[in-house]
Amino acid sequence: FFFFCSGGLRMALHVIVKLIAVIALLFFAAAIVFPWYGTTYKMESVFDTTARGWMQFIYTLGFATCSSDFCTSDWNLDFWDFDVDQVTRLFFGVGWFGVIIAAICVLLALVKGSPTITILSALCSGVAVVSFLFVSFGFKSDGSTDFYTCDVGPCTSFIGVQSEAGVSLRWGPSFGWFFAIGGFICTLIMVAGSCLCKPRQQQQGIGGYPPQSMNPYPNYPPQQGYQNYPPHQNYNGNPNYNPHPNYNPNPGYNTMPPQNDSNVYGSPSVGSLYD
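The rules behind these values
- Residues numbered from 1 in each chain as written.
- Predicted model: local features only at pLDDT ≥ 70, side-chain atom pairs only at ≥ 80, totals over all residues.
- Heavy atoms only, no water.
- Helix = DSSP H or I, 4+ residues; strand = E, 2+ residues; numbered from the N terminus.
- Expected span 1.5 Å × (residues − 1).
- Phe/Tyr/Trp six-rings, centres within 6.5 Å; stacked < 30°, edge-to-face > 60°.
- Buried < 20%, exposed > 50% of the residue type's maximum accessible area, 1.4 Å probe, protein only.
- Lys NZ or Arg CZ within 6 Å of the ring centre and 35° of its normal.
- Pairing = 2+ DSSP bridges.
- Axes fitted to C-alpha atoms, helices over the stretch in contact; angles between N-to-C directions.
- Core = buried A, V, L, I, M, F, W, Y, C linked by side-chain atoms within 4.5 Å.

## A look at helix 2 (residues 86-112)
An α-helical segment advances 3.6 residues per turn. Residues three or four places apart therefore align on the same side.
Alright, step 1. A rise of 1.5 Å per residue sets the reference length of helix 2, with its 27 residues, at 39 Å; its end C-alpha atoms lie 38 Å apart and thus fit the reference within 8%.
Alright, step 2. The first or second residue beyond helix 2 is Gly113, which carries a positive phi of 70°.

This is the structure we're talking about:
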């Protein structure tokens, strides 16, 4: 469904769509850089230890803190090894590359203003966001073996909390996934602004052709009518003068009586001189 919009409303929507496209690009850029998933491991004991980890398609980031002087806090950044956790990495890859394609489509839509490209960006970002909801299947597949089935933490659900004997574990989506959601919402707004408002269509003629103008030659001056010509004048004031003599379409048939040359030219015919 769409609505017919005036020129001023379409111009305002065009500006709004451009601004939303810029915001979508910022969201997608942040989703490409920031991690998509995180875990927090906390152990309450003599040495209160908290370990946080974040994962993205390219890297993993870890940070550990300790409340005692016998342990130190440090950061750990590693690039994800492609040979391990391949199923989990597949879900991260679908989300990550889906956001990249969506960002490229938004950039093209910002330049060309094509509604089709805008719809494609919404589809790609939607697939990236929705597919990542099932990343727990990847964790369970990579964390299980022939002798052990992973049934804790991210292996059980997309988001959750577990606590036992002073040890707590939290897991769930991180900044990157939420930025991807923000970009997806922006693309939906762009689609609505680009496709739901159409210009008012002109009246169609017969067969889908545009209606013909009353003047078939608009570039030529208007034709002069008979009213612009002077009326016929009678010669010598003779009321019996006919300006339009009779026309005989058949040359072999003459309704006029034969005339004598002398009556026409006022002198005898040339042939009569030799009679």
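Once the structure has been displayed, the description carries forward.
## A few points about the packing of aromatic side chains
Alright, step 1. Applying the stated criterion across every chain, the model contains 15 aromatic pairs.
Alright, step 2. Relative to Phe179, the ring of Phe34 has its centre 5.5 Å away and its plane inclined at 50°; by these criteria the two rings are tilted. Of this pair, Phe34 sits in the loop between helix 1 (7-33) and strand 2 (37-43) while Phe179 sits in helix 5 (residues 175-195); the two residues are 145 residues apart in sequence, bridging distant segments of the chain.
Alright, step 3. Its relative accessible area of 37% is what places Phe34 among the partly exposed residues.
Alright, step 4. Take Phe179: its relative accessible area is 26%, and that puts it in the partly exposed class.
Alright, step 5. Taken together, a centroid distance of 6.0 Å and an interplanar angle of 85° make the contact between Phe132 and Phe158 edge-to-face. Remark: Phe158 occurs in the loop between helix 4 (135-143) and strand 6 (160-164) and Phe132 occurs in the loop between helix 3 (115-131) and helix 4; sequence separation between them is 26 residues.
Alright, step 6. An aromatic cluster is defined as three or more aromatic residues linked by ring pairs; in this entry it consists of Trp36, Tyr37, Phe92, Phe132, Phe139, Phe158, Trp177 and Phe178.
Alright, step 7. Sitting above the plane of the Phe57 ring, Arg89 keeps its charged end 4.7 Å from the centroid.

## Description of the environment of Ala64
Alright, step 1. Examined against the element boundaries, Ala64 turns out to sit in strand 4 (residues 59-66).
Alright, step 2. For Ala64, a relative accessible area of 25% corresponds to the partly exposed category.

## A short note on the pairing of strand 2
Alright, step 1. Across 7 bridges, the pairing between strand 2 and strand 3 (residues 49-55) is antiparallel. Across the sheet, Lys42 pairs through a bridge with Thr50, a residue of strand 3.

## A short note on the sheet that holds strand 3
Alright, step 1. Pairing is antiparallel in the open sheet, where 6 strands are placed in the order 5-4-3-2-7-6. Edge positions in the open sheet fall to strand 5 (74-79) and strand 6, since each of these has one partner strand only. Across this sheet, the average inter-strand angle for adjacent strands is 10°, counted without regard to direction.
Alright, step 2. Two strands pair when backbone bridges link them, and strand 6 and strand 7 (residues 167-173) are joined in this way by 5 bridges, in the antiparallel orientation. Bridge pairing in strand 7 links Val161 to Arg170.

## Regarding the nonpolar core
Alright, step 1. In this structure, Trp36, Tyr37, Phe92 and Phe132 are the most contacted members of the largest nonpolar core, which totals 34 residues.
Alright, step 2. Secondary structure elements with two or more residues in this core: helix 1, helix 2, helix 3, helix 4 and helix 5.
Alright, step 3. Broken down by element, the residue count for this core peaks at 8 residues, all from helix 2.

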